[in-house]
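Each chain, written out:
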Amino acid sequence: MEIEAFAVAGWHGVVSRRYPLPRLREAIARLTDPAAAVETLHWGRNYLYVVHLETARGTVPVVVKQFRHESARARLARRLKGSKAERAWATAEALSAAGIDTPEPILRIESDEPSGPSFFVSRFAEGVTEARYLLRAAAAGEAEARFPEYPVDELLDALAALARRLHENGIWFRDLTSGNVLLSRGGTGAGGATAGTLPTGKAEPLRLALVDLNRARLGRRLTVSERSRELARMPILRPEHRERFLRAYWGEPPAGTGDRGQEGGGVSRLRRLLYFLYHHAFLWKNRMKRRLRGLRSLLTGRLVARGTHAHIPKAPGGAPSRERVVWDHLSDQPHLHATPVEKLAARLGDARSHLEEAAAAAGAAPRIFRRYRELRRRLYLEPVTFAGAGVAVRPWPEDPEALLELVAGLSGEAGAEAAPRAEPVPVLLRLHPWEPEGRDYEEALARELAGRGHEVSFALPQIRQLVTDRPRWREAVAEIAERFAPFGRSFQVGQAVNRSKWGVWNPDEYAALLADAREALGRARPEAEILGPAVIDFEYHATAALLNLDRPGLAFDAVSALLYVDRRGAPENRQAGFDTVDKVVLLRAIAETARNAGSERCWITEVNWPLLEGPHAPAGRSVAVDEETQADYLARYYLLALGTGLVERVFWWQAVARGYGLAWAPQDRAGAHGFRRRPAYRALATLVRELGGASFLGPLPSSPPARLYRFRRAGGDELVAGWSAAARPAEAELPRPAREALTRGGAPAPPPAGTGVTLTPSPRYFILEDE
C-alpha cells in the first residue's frame, strides 16, 4: 500500500495515496470531530462512527475508530508499542499481504499530545452482516429461517479456513470473535482480498472480512495452546457446530480450498481438551465481566473522575474544583472535570447551607405527604382536559424555516403529513445567556413561533462563569428580558440546579440569580412569571428544600421540574416505590404546600430518552434506547403525566438533536441536509392531533400490564389509548368495538374484530363505535 505522511495543526499520521485529499486540514478536522458522524456503529471503550469523506475521487463513506489514551497504562503502551491506531494499520497491511479481507485502510491520525486520541479510518463496508447475529440464531435453532442466505455449515467451514489462514501467516488475532467478522456474498463487500471464500455451488461465494484489528500480534509461530485460545473466542454454542468447526480447522480442509491441513492433522484429545477449557473459560469470563462492570463503575465513580470522551475540552489550567467546567457540544451540556473527592470537599465547605436545605425539606415532608395522599385518592375521579404536550427547541441557523415547519407539523399545520386537528403546540425556547452572539437567532425564532400562534416560554440556564460573575449575568438577563418579553410571559430561571456541573453549588448562589432575573423581567414585562427551581431527575428532596427554604430571592410563580425517568427504563417502572404518575402527584403536592411558590401550577420542562448514538446521548450508554423504544416511552410518558391533570405542560427536550431529539439532520453523501423525523416525532404528532383538547375520562379496568386510557373528543367520539407496560403483549377488553384503529405513529391499523385486543409496548388508538 502506498502511503504519504502528513502533519497538520496538532495531528500527524499517514494517508493512502489511493484517496488523495485536496483539503487535508479540513478532512482531518472533520474526521476527528464526532459531531460530523452520520451514524454511530459502536459506543463503548472506543467509539466508531461513519463520516462522509471528501476525496479527489469523490465522496467516500468511511468508518472512524477513535482510541483514547488518557490513562497512564495506555500512554505507556503507546510509547512502547505504538498507538492502537498504529497497530491496527500494521495489522491491516499484514492481512492484505496474507490475502485476508479487511475494510480498506485510508488514514491513520495521531494527536501530537501523548494523552491525545488516535484514529483509524477505513472504508465503510456496505451490505455486510456481523457473524454474531448468525451464530446467535444458530444457537437458538433459528439460523435457517432468519438467515437462509448463510448456511451454518458453510459459515463454520469458512470461519475455520479464516482462522487457519491467519495462523499460517503468523497472525495471532487475539480477538477472533463473531462481532469482528463481517459476512457478505460476492463482490468486494468490505474491500480487499478474499480469504475465507469457499466454493459452495452458488453464484456468489461467501466472503469473510475482519475488523477491530488493534489487538493482533504479528510474525509469530503459534503454539497449540495459542491456536486453541483463538478458536475458543468464537461463540459457537451447539456441540455439533463446535465439532464441525474444530474438524474444519484441525483436520483436512473441504475439497477445493487450496489450503493444507495443520501439521499433525485431525482433532487430537489434547486439542479437544484445550479448546473445551478455553471455550468455557471465555464464556465464564464474559458472564463475570457483565456482573462486575457495574460494581467496578460504582466503586471507582465514588473516588475518581470517570474517563471523558476525546471531544470534551480539558479543564482550565489551575482552576479550582468548582470552576473546572467545560462545554460538551455533542450532548449540549456542561462537563465538570472535578473528581468525586474534590466535589465532596466543595460540598463540605457549604455544609451549613446543605444542612439548612435538609432541615427545610424535612420540615415540609409531613404536609407534603398528607397532601400527596389526598391527591392520590382524588386522582381520576373527574374528567380532565388533555392538553399541554409541547416541545423544547434551540435555533437551527442552517435552515430556520425547516425547523418552524417541523414544529408546526406536530399539530398538523402547514407542511405536516396530516390535516390540522390541534392548536399549535406549546414551545419552550432555551436561551443561552452566555452566548450573546447567538441572540439574534434566538430572537428571530421566538418572533416567528409567536407569530404562528405558538405559546412561547423561555428557559434561562446558567453556567459557572455566570454564577460567579453577577454583573455579567445581570447584563445578559436584562438584554434577554428586553428582547424576549414581547413574545412570551413565562421564564424558567435556572437549569438543573441540583447538578454542580451546571454551576450552582448552594442555594445562596441560586437565590442571587433568581433575584436578578425577577428584577430584570419585571421591568420589561410586569406580568412576567418566574418558573423554578428546575431540579433535574426524581430528586424531590432538593425541590422541597428550595421551595421551603427561607432565602431572599427564592420565590416562584409556578413550579417547574426536569422530570427525567430514563434511568428506570419504561415510564411505568418504579423508583423508590414511585412510578411516573406518582412522581407527578408528588410534585403537585410539593407545589401546593410550598412556602416559596405563588401558585400550585406545575410544569415539566424537560424529558427524553437518550438514543444509542455515542457521546451525543446526554445520559450515558446504560440508559440509552433504540428509536422505536424511545417513541413508545414518549407516548406513554405524555399519557401518564398529562392524564393526571396535575401538570400544565410537558416539554420534550428537544425538537432537533443528534442523541435524543425528535428529529435529526444527517448529511447525505451529496452534502445536503434535511430533517429525518424519528418515530418519536410521529408519536408525539399523533398524540397531539388525536388527543389534544380531548377530555380524559380516566383509566379503564384492565389486568396488568395492560393499560387502557379513555378519552372523549370535542365532536363526541370516544377514543381509547392502549398499551402494555411490559415488554410482553397483554390482553384487554375495550368497552365496545372499535370502528377505527391507529398505530402509535398515526397509520391506520385493522380494528379488532370484537372488544378483545392484544396490546404491545407500542401504544395504539382505538376510535370506538357510537353507542
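Higher on the page you've got the structure.
The paragraphs below set out a description of the structure included in this document. None of these values were measured; they are calculated from a predicted model.

Residue position: Thr91 is located in helix α3 (residues 84-97). With near-sequence residues (within four places) excluded, Thr91 lies in contact with Phe173, Leu213, Ala216 and Leu218.

Glancing now at the packing of helix α15 (residues 470-484) against helix α16 (residues 507-524). At a minimum axis separation of 9 Å, α15 and α16 run at an interaxial angle of 30°. It follows from the interaxial angle that α15 and α16 lie roughly parallel. Like other packed secondary-structure pairs, α15 and α16 cross with a definite hand, here right-handed. Across the interface between the two elements, Arg470, Trp473, Arg474, Val477, Ala478, Ala481 and Glu482 from α15 touch Ala512, Leu513, Asp516, Ala517, Ala520, Leu521, Arg523 and Ala524 from α16. Per-class residue counts for the contact of α15 with α16 are 10 nonpolar, no polar and 5 charged.

The next thing to look at is the sheet that holds strand β3 (residues 39-43). Pairing is antiparallel across the open sheet formed by 7 strands, whose spatial order is β1-β2-β6-β7-β5-β4-β3. Pairing within the sheet leaves two strands with one partner each, and these edge strands are β1 (3-8) and β3. Averaged over neighbouring strand pairs, the angle between their axes works out to 25° when direction is ignored. In the sheet, β1 pairs with strand β2 (residues 11-16) via 6 bridges, with the strands oriented antiparallel. The partner of Val8 across the bridge, within β2, is Trp11. Against the sheet, helix α1 (residues 24-31) contacts β1, β2, β4 (47-55), β5 (58-67), β6 (105-111) and β7 (118-123), and its axis sits at roughly 160° relative to β4. Against the sheet, α3 touches β1, β2, β5, β6 and β7, its axis set at about 160° to β6.

Here we take up the pattern of salt bridges. Think of it this way: side chains of opposite charge can pair up when their charged atoms draw near. With the rule as written, the count across this model stands at 70 salt bridges. In this structure, the salt-bridge partner of Glu479 is Arg439, at a minimum N-O distance of 3.7 Å. Of this pair, Glu479 sits in helix α15 while Arg439 is found in helix α13 (residues 439-451), placing the two residues 40 residues apart along the sequence. Note that Arg739 is salt-bridged to Asp770, the shortest N-O span being 3.7 Å. Taken together, the residues span a long stretch of sequence, with Arg739 in strand β28 (residues 738-742) and Asp770 in the segment after β31 (764-768) at a distance of 31 residues. Judged by relative accessible area, which is 34%, Arg739 ranks as partly exposed.

How each quantity is defined
- Sequence order as written defines residue numbering, which begins from 1 separately in each chain.
- In keeping with the predicted nature of the model, local features appear solely for residues at pLDDT of at least 70, side-chain atom pairs appear and are counted solely at 80 or more, and the whole-chain, interface and lining totals rest on all residues.
- Note that water and hydrogens are dropped before the side-chain values are worked out from all heavy atoms of the structure.
- Starting at the N terminus, helices and strands are each numbered in turn, a helix being any DSSP run of H or I of at least four residues and a strand any DSSP run of E of at least two.
- Whether two residues are in contact is decided by their heavy atoms: any pair within 4.5 Å suffices.
- Between N-to-C directions, angles span 0 to 180 degrees; the directions come from axes that are lines fitted to C-alpha atoms, helices contributing only their stretch in contact.
- Orientation categories follow fixed angle ranges, with anything under 35 degrees roughly parallel, anything over 145 roughly antiparallel, 65 to 115 roughly perpendicular, and all other angles oblique.
- By the definition used in this description, the sense in which the near helix is turned from the far one sets the handedness, with an anticlockwise turn below a right angle giving left-handed and a clockwise turn giving right-handed.
- Residues are grouped as follows: nonpolar covers Ala, Val, Leu, Ile, Met, Phe, Trp, Tyr, Cys and Pro; charged covers Asp, Glu, Lys and Arg; every other residue, Gly included, is treated as polar.
- Only strands joined by at least two bridges in the DSSP assignment are considered to pair.
- Salt bridges are counted wherever a side-chain nitrogen of Lys or Arg sits within 4 Å of a carboxyl oxygen of Asp or Glu.
- A simple rule labels every residue: compare its accessible area, found with a 1.4 Å probe on the protein chains alone, to the largest value its type can have, and call it buried under 20%, exposed over 50%, or partly exposed in between.

The values reported here are purely geometric and, on their own, carry no functional implication.
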